[in-house]
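Residue-level structure breakdown
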Amino acid sequence: APHPAEAPGPSADQDLLTVMTYNTYLLRVRVGIAIDTRPNLAIRASKTAEWFKTLRTEEVPDVLVLQEIYSKEGEDLVDGLCSEDFARNKYKICTMPKVLKGDE
């Protein structure tokens, strides 16, 4: 078997699916009152959105999985990256990320 560094790439007739998972750490736990809130939620949400918007079209993954978006700041991050069609808890997917539409 060839060494992984020497393995052939995909052929022209193959499709590739890129997946990125990212732990946002935008977590706020509430039970009546906030009992666990991660530091700098608003700043980290803003900077994370900024970073994603710097990606070139060919760098944007086909699937983006965001973890720990359990806060208003996390919801704002997802909403800011997705089209206006995004609706939380309605299982509607982000069909066209703003990074590809050229919004903002």
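This text follows the structure it describes.
Residues numbered from 1 in each chain as written. Predicted model: local features only at pLDDT ≥ 70, side-chain atom pairs only at ≥ 80, totals over all residues. Heavy atoms only, no water.

1. Let's talk about the pattern of salt bridges
This structure, assessed with the given rule, holds five salt bridges. Among the ionic pairs, E58 bridges to R56, the shortest N-O distance being 2.7 Å. Here E58 falls in the exposed class, since its relative accessible area comes to 61%. Using a relative accessible area of 49% as the deciding quantity, one classes R56 as partly exposed. (Salt bridge = Lys/Arg side-chain N within 4 Å of Asp/Glu carboxyl O. Buried < 20%, exposed > 50% of the residue type's maximum accessible area, 1.4 Å probe, protein only.)

2. Remarks on a nonpolar patch on the surface
A surface patch of nonpolar side chains, about 340 Å² in accessible area, is lined by L17, V19, V63 and V65. Mapping V63 onto the fold places it in strand β4 (residues 63-67). (Patch = residues over 30% accessible without salt bridge, like charges linked within 9 Å, V, L, I, M, F, W, Y side chains within 5 Å. Areas by Shrake-Rupley, 256 points an atom, 1.4 Å probe, with all protein chains shown as cover. Helix = DSSP H or I, 4+ residues; strand = E, 2+ residues; numbered from the N terminus.)

3. Side note on the side chain of T48
In this fold, T48 is placed in helix α1 (residues 41-53). Once residues within four sequence positions are removed from consideration, T48 is found in contact with Y22 and L77. (Contact = heavy atoms within 4.5 Å.)

4. Overview of the nonpolar core
L26, L41, A45, A49, F52, L55, V60, L66, L77, V78, L81 and C82 form the largest nonpolar core, which has 12 residues in total. Secondary-structure elements contributing two or more residues to this core are α1 and α2 (72-81). Sort the elements by how many residues they give to this core and α1 lands first, with four residues. (Core = buried A, V, L, I, M, F, W, Y, C linked by side-chain atoms within 4.5 Å.)

5. Notes on the environment of M20
Its place among the elements puts M20 in strand β1 (residues 19-23). Overall, M20 belongs to the partly exposed group, its relative accessible area being 22%. Sequence separation between M20 and V63 is 43 residues; the distance between their C-alpha atoms is 6.3 Å. Residues within four places of M20 in sequence aside, it is in contact with W51, F52, P61, V63, L64 and V65.

6. Comments concerning the packing of aromatic side chains
Working definition: an aromatic ring pair is given by the centre-to-centre distance plus the angle between the planes. In total, this model carries two aromatic pairs according to the counting rule given. Aromatic side chains Y22 and F52 sit 5.7 Å apart centroid to centroid with 85° between the ring planes, which places their arrangement in the edge-to-face category. Of this pair, Y22 sits in strand β1 while F52 sits in helix α1; the two residues are 30 residues apart in sequence, bridging distant segments of the chain. You can call Y22 partly exposed: its relative accessible area is 27%. A residue is classified by how much of its surface remains accessible, and F52, at 4% relative accessible area, is buried. Residues W51 and F52 carry aromatic rings whose centres are separated by 4.9 Å and whose planes lie at 75° to one another, so their mutual orientation is edge-to-face. (Phe/Tyr/Trp six-rings, centres within 6.5 Å; stacked < 30°, edge-to-face > 60°.)

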